[in-house]
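Examining the three-dimensional arrangement
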Amino acid sequence: MIPFSSFFFFILIGILLLPTIILGLRGKRMQGYNMFATVVALALIFSKDAHGALLLFLFTVWQVFIIRLYLAYRLKANQASVFYAAVVASILPLVLSKILPFFLTHQPHQPAPMNWLSFLGISYLTFKGVQLIIETRDGLIKKKIPIHRLVYFIVFFPTISSGPIDRYRRFEKDMDTPPEKEAYSDLLYAGIHKIFIGFLYKFIIGYLIHTYILMNIHHISSSHFVQQLTYMYAYSMYLFFDFAGYTAFAVGVSYIMGIKSPENFNKPFISRNIKDFWNRWHMSLSFWFRDYVFMRFVFFMTKKKWIKNRMAVSNIGYFVLFLLMGAWHGLALQYIIYGLYHAVIMSGYNLFEKWNKKHKWWPDNKVTMVVSIIITFHVICFGFYIFSGKPFHH
Amino acid sequence: MEFKNQVYGIIAEVCQDDVVKENPEIAIFEEGLLDSFGTVELLMAIESQLGITVPITEFDRDVWDTPNHIAEQLAEMK
């Protein structure tokens, strides 16, 4: 059962979380029950996918083993090589699952071979594992984490299939500080509200765009150019409403479970420039790459002094970030080019921003703000057009 | 006070603006005195001049928002 894909799923989860709600409204601790509820929810999600369940189990065992082993080591020593080995071990399952399809032979006239290394959530769960290893390296995690807490963080069911990507210390704080009755009651209402927003976004708006525009492009116009343009706008809107809708479900159910999972979207289509956009779109992913890839890269380069030019380091950092992000979506042309596209736009904007600060060519007033928003909107929609794969399937 | 002044001095150097020393409650990021790059330079200066290592992932702009708060955070980490 794909999480959040049917009303039946919501009804089952609603029943499953009744004890959680009752405990919360009485101001009592609920994370113990939530751990049990997570196991039941996972059983529901993987009920017809024994292979996926097995992979999830093996993956979790692997991550927990690496994280605890590295943490035990780090409490005594801190060699860089061991850190890198731990990171590689943590991302290994994901990397292998991305590469495997290229080695599977596809027989003509047969359905595509199953990627037997991949399972629902593998891409998102890997972020959580790596994040723990990096924070351990940085000395931010100073004591052993009990296995059940680690597992709960990794397989927390509302966010298992597509995030948002949470961080361990933030999650732990929510686990350890149960809200008072009144605070929980607010959280409960907020969570239910979010779930209904999700219904509107994903099941109504997203569905309508998909059914009446995306599936109907040929009837909307006969001009190839207009078709592609319509597809670009419609797909961008569809992607937002579908993904933001899913996120609303994930965050809403999290809130009901007393965990304030981070948000993913903040009115992305009014972004004034590409930097603003990445502070508004898929925020949990963007901030993860910013904190754990970009900032580390910049820090490393600056410390080692291999490249002195700040602008160069910054722009190379953006290329590393966005190419990695593109490849993370999948090793397909559309995703790699999407990554490259954003890398170029970001670097270009970075250069322009600095130049403009000096030469004050583009003023800052209401008119330029509107124009900036319109330009940025089109830049990002074109990016989504690439992401959709449509331009490559002609 | 000595330590705080030292911290303010480092921040002023990285921001290239003495307003940091004059007004320790100024919101550094909001006022555009420092960007992500400046953050990196600041942490490196703190490491080399004060001997305090602040991991980049620890740096939360909402917490380390004014020179005063930065000095307080660093004092705790000494």
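Residues numbered from 1 in each chain as written. Chains lettered and ligands numbered in written order. Predicted model: local features only at pLDDT ≥ 70, side-chain atom pairs only at ≥ 80, totals over all residues.

Quick word on the overall build of chain A
When its secondary structure is counted, chain A shows 16 helices and 0 strands. Here the C-alpha radius of gyration of chain A, 22 Å, is about what a compact globule of 394 residues would show, namely 21 Å. With the principal axes as the frame, chain A shows a C-alpha extent of 55 × 55 × 55 Å. Across the 394 residues in chain A, those meeting the buried criterion constitute 35%. Relative to all contacts within chain A whose residues are 6 or more apart in sequence, the contacts with residues 24 or more apart total 71%. (Helix = DSSP H or I, 4+ residues; strand = E, 2+ residues; numbered from the N terminus. Rg over C-alpha atoms; globule rule 2.2 N^0.38 Å. Buried ≥ 20, exposed ≤ 12 C-beta atoms within 10 Å, placed from the backbone. Contact = placed C-beta atoms within 7 Å.)

Observations concerning the overall build of chain B
The helix and strand inventory of chain B stands at 4 helices and 0 strands. At 11 Å, chain B has a C-alpha radius of gyration in line with the 12 Å of a compact globule built from 78 residues. The dimensions of chain B, computed from C-alpha atoms along their principal axes, are 25 × 25 × 20 Å. For chain B, long-range pairs separated by at least 24 residues make up 56% of all intrachain contacts whose partners lie at least 6 apart in sequence.

Describing the environment of S271 of chain A
All names here are of chain A. Along the polypeptide, S271 turns up in the loop between α11 (224-256) and α12 (274-277). Residues S271 and I375, 104 residues apart in the sequence, show an inter-C-alpha distance of 9.6 Å. If we skip the residues at most four places from it in the chain, S271 touches D276, F277, R280, I373 and T376.

Focus on the domain arrangement of chain A
Residue and element names in this part refer to chain A. Entries for chain A in the domain assignment read domain 1 (31-105 + 114-177) and domain 2 (268-392). Centre-to-centre, using C-alpha coordinates, domain 1 lies 28 Å away from domain 2. On the side of domain 2, 7 residues touch domain 1, which itself brings 8 residues to the contact. Across the side of domain 1 that touches domain 2, the residue classes break down as 4 nonpolar, 3 polar and 1 charged. (Domains from an automatic or database assignment. Nonpolar A, V, L, I, M, F, W, Y, C, P; charged D, E, K, R; others polar.)

Details of the nonpolar core
Grouped together as the largest cluster of nonpolar side chains are 97 residues, with contacts concentrated most on I67, I133, F153, F249 and F289 of chain A together with I11 of chain B. Top element by residues in this core is α11 of chain A. It accounts for 14 residues. Lining this core are residues from two domains, each supplying at least three of them: domain 1 (31-105 + 114-177) and domain 2 (268-392) of chain A. (Core = buried A, V, L, I, M, F, W, Y, C linked by C-beta atoms within 7 Å.)

Some thoughts on the environment of Y207 of chain A
All names here are of chain A. Position of Y207 among the secondary structure elements: in helix α9 (residues 181-212). Of the residues examined, Y207 has 15 C-beta atoms within 10 Å and is grouped as partly exposed. As a C-alpha pair, Y207 and F241 span 34 residues in sequence and 8.9 Å in three-dimensional space.

Some points on the packing of α11 of chain A against helix α16 (residues 366-388) of chain A
Residue and element names in this part refer to chain A. Contact geometry of α11 with α16 gives a least axis separation of 9 Å together with a crossing angle of 85 degrees. Taken together, the axes of α11 and α16 lie roughly perpendicular to each other. Note on element contacts: α16 touches α11 through C381, F382, F384, Y385 and S388, opposite M232, Y233, Y235, S236 and L239. Tallied by class, residues from the contact of α11 with α16 come to 8 nonpolar, 2 polar and no charged. (Axes fitted to C-alpha atoms, helices over the stretch in contact; angles between N-to-C directions. Parallel < 35°, antiparallel > 145°, perpendicular 65-115°, else oblique.)

Regarding the confidence of the model for chain B
If pLDDT is low for a region, its predicted coordinates should not be looked at in detail. All names here are of chain B. Confidence along chain B averages 84 in pLDDT terms, with 100% of residues attaining 70 or more. Per-element averaging of pLDDT across chain B places helix α3 (residues 36-50) at the bottom with 83 and helix α4 (residues 67-77) at the top with 88. Predicted as a complex, the structure gets a pTM of 0.90 and an ipTM equal to 0.72. (pLDDT = per-residue confidence, 0-100.)

A short note on the UniProt feature "domain: Carrier" (unreviewed entry) in chain B
When the UniProt feature table is mapped onto this chain numbering, "domain: Carrier" (unreviewed entry) sits at residues 1-78 of chain B. Segment residues 1-78 of chain B splits into 56% helix and 0% strand. End C-alpha atoms: 15 Å apart. (UniProt positions renumbered as here; feature names shortened; annotations may be inferred.)

Here's the deal with the UniProt feature "modified residue: O-(pantetheine 4'-phosphoryl)serine" (unreviewed entry) in chain B
Cross-referencing UniProt, the feature "modified residue: O-(pantetheine 4'-phosphoryl)serine" (unreviewed entry) maps to S36 of chain B in the present numbering. Inspection of the secondary structure puts S36 of chain B in helix α3.

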